Amino acid sequence: MNMQIASGLAGSPPLSFDGYVRLPFEALAGLEFGRKVAWEDADLAGELQAEGLPAVRAGYCEWETAGTTVVTIGWTWFAGARGSFFIAPGCVNSNLMLVTPKNFDLGASRTSELLRAWLSGVKWQPEVVQKEFAA
Amino acid sequence: MVTIVSGSTAQLPTGVESALASYRHKVFIEALQWPLPDMDGFERDQFDRDDTLYVVARELDGEVCGCARLLPTTRAYLLAEVFPEMMNGAPVPRSHEVWELSRFATMPVGTPEPLPREETQARRRQLLGAVVQAALARGATRLILVTVAGVERLMRNLGVHAHRAGPPRAVDGKPTLALWLELDAETCRALGVPVASALVMRH
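Conventions we followed
- Residues numbered from 1 in each chain as written.
- Chains lettered and ligands numbered in written order.
- Predicted model: local features only at pLDDT ≥ 70, side-chain atom pairs only at ≥ 80, totals over all residues.
- Heavy atoms only, no water.
- Contact = heavy atoms within 4.5 Å.
- Buried area = accessible area lost by both parts, 1.4 Å probe.
- Salt bridge = Lys/Arg side-chain N within 4 Å of Asp/Glu carboxyl O.
- Helix = DSSP H or I, 4+ residues; strand = E, 2+ residues; numbered from the N terminus.
- Nonpolar A, V, L, I, M, F, W, Y, C, P; charged D, E, K, R; others polar.
- Core = buried A, V, L, I, M, F, W, Y, C linked by side-chain atoms within 4.5 Å.
- Buried < 20%, exposed > 50% of the residue type's maximum accessible area, 1.4 Å probe, protein only.
- pLDDT = per-residue confidence, 0-100.
- Pairing = 2+ DSSP bridges.
- Axes fitted to C-alpha atoms, helices over the stretch in contact; angles between N-to-C directions.
- Parallel < 35°, antiparallel > 145°, perpendicular 65-115°, else oblique.

Turning our attention to the interface of chain B and chain A. Contacts between chain B and chain A engage 25 residues on the former and 33 residues on the latter. Summed over both partners, the interface of chain B with chain A buries about 2200 Å², with 50% contributed by carbon and sulfur atoms. For the chain B face of the interface with chain A, the top three residues by lost area are Arg 153, Arg 156 and Arg 164 of chain B, together amounting to 32%. Run the count over chain B and chain A and you get five salt bridges. If you list the elements that add at least two residues to the side of chain B that touches chain A, you get helix 4 (150-158), strand 6 (162-164), strand 7 (169-171) and strand 8 (174-182) of chain B. Looking at which element gives the most residues to the side of chain B that touches chain A, the answer is helix 4 of chain B, with five residues. Partitioning the side of chain B that touches chain A into residue classes produces eight nonpolar, seven polar and ten charged.

Here it is, written out as structure tokens:
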């Protein structure tokens, strides 16, 4: 079972002692990501090509909630020759640790896989891609 | 073939500290153009102290080809002094079990051609493995680092247990965040560090 430290303002999920925010998968749907940014990284497409991905363009997406304790999810995207956006393999990062209904950790790898699965069910593909990260 | 030495300035072999400061200048100031103090071809700052732990990779001819710096969080360190807001509302770590990793690099500076991707990956793995072993030997169970967002992908490619402490913020125009590196069995296995060393050091 997991210990948590104080959560701050109402509405913010609690922050655990190890820096993770622990939530069940079902709670993802209830999070409001008020900040969504996507930007292009000119060097990243070449790095992904070297890893064997058909990346013509590439960059990063960042989503975060508001509140005292922020839930943050970021991932690497790439676009192929036809312009469609894809999430790069193994590249969903966050401060989330998803837990079972009995509040046991699912683990970092399984959490990343589930976040990727969750993203596949929501519209994440950016309509606007910035050239640089904006604070 | 790369050899690795670690220790404080007093513990490093003669000449290694100055070679390290020169390498750091070439990598972080000349190549990456970080806005750091330039001390006539050497890069050092206020966190390079007697108790700072260095991990230095060298080619067979002795030339420095990689580095890392470890700071105890019980004294002044980069995140606590400069970027405390990166902790997502949590207090900055102050513990004998948490060390800060900074100035990590495996960029070669003496060769005109970049290393093949596989060699670069192997050197990252070797150096980070040495960092983890050095930290475990001093009682650390976790590392914290301030880094750019792209490093998360490199960490994931290495297979270590790393997770962000909070969202990225723009620092000098680059998305920058605090990242936890857990010195657990998952990280040790990924880096080829004996898992027993992580478990033994914790009990």
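Checked against the element boundaries, Thr 76 of chain A lands in strand 4 (residues 72-79). Taking the C-alpha atoms as reference points, Thr 76 of chain A and Glu 132 of chain A, 56 residues apart in sequence, are found 14 Å from one another. Setting aside residues no more than four positions away along its own chain, Thr 76 of chain A makes contact with Leu 44, Leu 48, Gly 59, Tyr 60, Phe 86, Ile 87, Ala 88 and Cys 91 of chain A together with Arg 153 of chain B.

Now for the nonpolar core. In this structure, Trp 75 and Trp 124 of chain A together with Met 87 of chain B are the most contacted members of the largest nonpolar core, which totals 40 residues. Ranked by the residues each element gives to this core, the list is headed by strand 4 of chain A, at four residues. In terms of nonpolar packing, the next biggest core, distinct from the first, is built from 34 residues, Ala 57, Leu 70, Val 151 and Met 155 of chain B among them.

Below, the discussion takes up the confidence of the model for chain A. Put simply, chain A has an average pLDDT of 88, and 91% of its residues get 70 or more. No element of chain A has a lower mean pLDDT than strand 5 (residues 85-94) of chain A, which averages 91, and none a higher one than strand 6 (residues 96-99) of chain A, which averages 97.

Within the open sheet, the four strands sit side by side as 2-3-4-5 (chain A). Their pairing is antiparallel. Of all strands in the sheet, those bounded by a partner on one side alone are strand 2 (35-40) and strand 5 of chain A. Going from strand to strand, the sheet's axes swing by 20 degrees on average, the running direction of each strand aside. Sheet topology note: the strand 3 (residues 57-64) of chain A/strand 4 of chain A ladder contains eight bridges and is antiparallel. Bridge pairing in strand 4 of chain A places Gly 59 of chain A opposite Trp 77 of chain A. Those strands touched by helix 2 (residues 108-120) of chain A are strand 3, strand 4 and strand 5 of chain A, and its axis lies near 140 degrees from that of strand 5 of chain A. Lying on the sheet, helix 4 of chain B is in contact with strand 3, strand 4 and strand 5 of chain A; it crosses strand 5 of chain A at an angle near 85 degrees.

Residue and element names in this part refer to chain A. Judged by how many residues are buried, strand 3 sits mostly within the fold: seven of eight residues are covered. Relative to strand 3, strand 2 is paired through six bridges, and the arrangement is antiparallel. Pairing of Lys 36 across the sheet is with Trp 63, part of strand 3.

Residues and elements named next belong to chain B. With their axes 11 Å apart at the nearest point, helix 3 (residues 117-137) and helix 4 run at an angle of 85 degrees to one another. Here helix 4 runs roughly perpendicular to helix 3, going by the angle between their axes. Packed against helix 3, whose contacting residues are Gln 121, Arg 124, Arg 125 and Leu 128, the element helix 4 presents Leu 154, Met 155, Asn 157 and Leu 158 at the interface. Tallied by class, residues from the contact of helix 3 with helix 4 come to four nonpolar, two polar and two charged.

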